[in-house]
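Here is how the chains run, residue by residue.
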Amino acid sequence: MVMVTRREFVKRLAGAALFGALLGPKAAEGAVQEEVAKKVVKAPPLPWPYVELDPEETRKLGHLGYYAFECSGGAFWAIAVQLREKVGYPWTLIPIPSKEEVLDAVNKGHHLTGFFQYGFGGVVGWGTICGAPQGGIMIMSMVVKNKKDWEELGRLLLRFYETTPFPSKKINEYAVKGELYPKKLKYSGWLPQSVSHSVLCHVSVSKWCMASGFASGSKERSERCGRLTGDVAAEAVTLLNAYFKGGLEKAKSLAKLKFSATTAACRECHYKGKDFEMGQFTRGFMQCETCHKDLRAHAHEFLTKGASGAELMTVGLGAGGLGAFAGFLAGLASNGPSEGEGSEEEEKEER
Ligand code: HEC
Ligand code: HEC
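Residues numbered from 1 in each chain as written. Chains lettered and ligands numbered in written order. Predicted model: local features only at pLDDT ≥ 70, side-chain atom pairs only at ≥ 80, totals over all residues. Heavy atoms only, no water.

Draft legend 1. Broad picture of the overall build of the chain. Within the chain, the secondary structure is distributed over 13 helices and 0 strands. Along its sequence from the N terminus, the chain presents helices and strands in the succession α-α-α-α-α-α-α-α-α-α-α-α-α. Split into buried and exposed, the 351 residues of the chain put 47% on the buried side. Of the contacts made within the chain by residues no fewer than 6 positions apart, 71% connect residues no fewer than 24 positions apart. Of the roughly 17,900 Å² of accessible surface on the chain, a fraction of 60% belongs to carbon and sulfur atoms. (Helix = DSSP H or I, 4+ residues; strand = E, 2+ residues; numbered from the N terminus. Buried < 20%, exposed > 50% of the residue type's maximum accessible area, 1.4 Å probe, protein only. Contact = heavy atoms within 4.5 Å. Areas by Shrake-Rupley, 256 points an atom, 1.4 Å probe, with all protein chains shown as cover.)

Here it is, written out as structure tokens:
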């Protein structure tokens, strides 16, 4: 922040008034506002206030936001613009246009450069994590006081992303009935759905393109990502509403999102930890089986060494995880990795 002494401030105001006499009241007003902004506006520390928001309005705004700022900027904007409307300061400090300004630009076919837009296409098009959950989690980290809590809310959102067929029926319906905000949609029909089993833009887009037959550079794919942005923003708000009503437990009970059985089993040994020998040379919660399909060498290691079970137990594989891991190996032998719900193993260690 630029520091201005009181004396200097008054001097500058006087200068602005003189300027005003020469240039007219409008310019003077601008100059004064600028000075006032420099002087008094200070962003308060996080968390910033949150009020309950309507998930359906958020879904539509997320879609509109995508048209202007793509996925990460769109999801962030959809929530932040409502908080600014309902709460005012400090959300007024975030440099984002209003809904009317965005709608006007979108209907004229203009793109806008937006706050938090960098996450588009999995961060500047690189195809890493999808921008939509990034926008949602950014807001979570701004409004939830306890870091452990917003971490958990963020994980619920990412797991939702991995497991949900996008675009949702709800937003497909809005599109078909003409209930979304842009005057002209990139594509106004019902779009095919797919589950990505991954939070990566690369995987999410590629699987959807293969499922739908639309190219990655098509209007339909872009529309799909717009609808997905609405869906993810709506879920972020749903989780936050639940959290502020009934805490983390309420948000969790609502989301009911567990790791896949395989991921829970892998994480018996592979998580961020200090025991290298046990498998703690990696980290993360992504759904393992989406990428690690061929673990025959690994399986051999454990099935032969651990046939008695003793070896496996010594490296810390609990009974639940052992069963799930055995299931995964059996799946490998037949037709690929197993799907399904895991146990509540995820809470147990420092990530
Ligand atoms: C019982 C503990 C344990 C479980 C369960 C386990 N791993 Fe491992 N994993 C290890 C250890 C220890 C190593 C290192 C082995 C070595 O280098 O010989 C390893 C190595 C690996 C490697 C590198 C070597 C390779 O075979 O490609 C990958 C990838 C891997 N694990 C993925 C997984 C996945 C995915 C799962 C769940 C399906 C899983 N692991 C379950 C302990 C485990
Ligand atoms: C998006 C794809 C993806 C997902 C999901 C994923 N991994 Fe990996 N993982 C990789 C890639 C790629 C490597 C590097 C492999 C290489 O270079 O040989 C890797 C490396 C590893 C290694 C070290 C292997 C080695 O080279 O010795 C382990 C262990 C591992 N992953 C375990 C897991 C576990 C456990 C999960 C689930 C919690 C998981 N991975 C999820 C892609 C993935």
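Picking up where we left off.
Draft legend 2. View of the site of ligand 2. Close to ligand 2 lie Leu200, Cys266, His270, Phe281, Thr282, Gly284, Met286, Gln287, Cys288, Cys291 and His292, which account for all nearby residues. For the shell around ligand 2, the per-class residue count stands at 6 nonpolar, 5 polar and no charged. (Near = heavy atom within 4 Å. Nonpolar A, V, L, I, M, F, W, Y, C, P; charged D, E, K, R; others polar.)

Draft legend 3. Here's a closer look at the nonpolar core. Trp77, Trp91, Val143 and Leu153 are the most contacted members of the largest nonpolar core, which totals 63 residues. Among the elements of the structure, α3 (55-87), α4 (99-107), α5 (131-143), α6 (147-163), α7 (169-176), α8 (201-212) and α9 (219-255) are those that each provide at least two residues to this core. Per-element accounting of this core gives the leading share, 15 residues, to α3. The residues touching Trp91, leaving out its near neighbours within four places in the chain, are Trp48, Pro49, Ala80, Leu83, Arg84, Ile139, Met142 and Val143. (Core = buried A, V, L, I, M, F, W, Y, C linked by side-chain atoms within 4.5 Å.)

Draft legend 4. Representation of the pattern of salt bridges within the structure. Inspection of the entire model under this criterion finds 11 salt bridges. Of the charged contacts in the structure, one is a salt bridge between Asp231 and Arg59, with a shortest N-O distance of 2.8 Å. In this pair, Asp231 sits in helix α9 while Arg59 sits in helix α3, placing the two residues 172 residues apart along the sequence. By the burial criterion, Asp231 is buried, and Arg59 matches it. Arg155 is the salt-bridge partner of Glu152, the closest N and O atoms lying 3.2 Å from each other. With a gap of 3 residues between them, Glu152 and Arg155 both fall in helix α6, about one helical turn apart. (Salt bridge = Lys/Arg side-chain N within 4 Å of Asp/Glu carboxyl O.)

Draft legend 5. Highlighting the coordination of the iron atom of ligand 2. Just one protein ligand coordinates the iron atom of ligand 2, and it is His292 (NE2) at 1.9 Å. Assignment of secondary structure puts His292 in the loop between α10 (261-266) and α11 (296-305). (Donors = N, O, S within 2.8 Å, 3.2 Å for Na, K, Ca; no water.)

Draft legend 6. Quick peek at the side chain of Glu220. For Glu220, the location among the structural elements is in helix α9. Among buried charged residues, Glu220 stands out as having no salt bridge; its nearest opposite-charge side chain is Lys219, 8.4 Å away. Excluding anything up to four places from it in sequence, Glu220 contacts Tyr187, Leu191, Trp208 and Phe214. (Lys, Arg positive; Asp, Glu negative; His and termini not counted.)

Draft legend 7. Expanded view of unusual backbone geometry. Cis geometry marks the peptide bond from Tyr89 to Pro90; its omega dihedral reads 5°. Following the sequence through the fold, Pro90 ends up in the loop between α3 and α4. Going from Phe166 to Pro167, the amide bond is cis rather than trans, its omega being -10°. In this structure, His197 is a non-glycine residue whose phi angle is positive, near 55°. Mapped onto the secondary structure, His197 falls in the loop between α7 and α8. On the basis of relative accessible area, His197 is assigned to the partly exposed category, the value being 22%.

Draft legend 8. Quick peek at the packing of α3 against α5. The N-to-C vectors of α3 and α5 enclose an angle of 35°; their axes lie 5 Å apart at closest approach. When the axes of α3 and α5 are compared, the crossing they make is right-handed. Here α3 contributes Cys71, Ser72, Ala75, Phe76, Ile79, Ala80 and Leu83 to the contact with α5, which in turn contributes Gly131, Ala132, Gly135, Gly136, Met138, Ile139, Met142 and Val143. Here the residues of the contact of α3 with α5 are counted per class, giving 11 nonpolar, 4 polar and no charged. (Axes fitted to C-alpha atoms, helices over the stretch in contact; angles between N-to-C directions. Left-handed = near helix turned anticlockwise from the far one by under 90°.)

Draft legend 9. Quick look at a nonpolar patch on the surface. Nonpolar side chains collect at one region of the surface, where Tyr118, Val124 and Trp126 lie side by side and expose about 400 Å² of accessible area between them. Residue placement: Trp126 occurs in the loop between α4 and α5. (Patch = residues over 30% accessible without salt bridge, like charges linked within 9 Å, V, L, I, M, F, W, Y side chains within 5 Å.)

Draft legend 10. Expanded view of α9. For α9, spanning 37 residues, the distance from its first C-alpha to its last is only 31 Å, which falls clearly below the expected 54 Å at 1.5 Å a residue. Its axis deflected by about 135° at Gly246, α9 carries its strongest bend there. Counting buried positions along α9 gives 26 out of 37 residues, so the element sits mostly inside the fold. A positive phi of about 45° marks Lys256, the residue just after α9. (Expected span 1.5 Å × (residues − 1). Bend = angle between axes of the 7 residues up to and from the residue.)

Draft legend 11. Structural detail: the confidence of the model for the chain. The share of residues in the chain with pLDDT of 70 or more is 73%, and the mean pLDDT across the chain is 83. Low pLDDT, under 50, characterises residues 306-319; the predicted model gives this stretch 18 contacts beyond four residues in sequence or across chains. Counted against residues more than four places away or in other chains, residues 333-351, with its pLDDT under 50, gives 44 contacts. (pLDDT = per-residue confidence, 0-100.)

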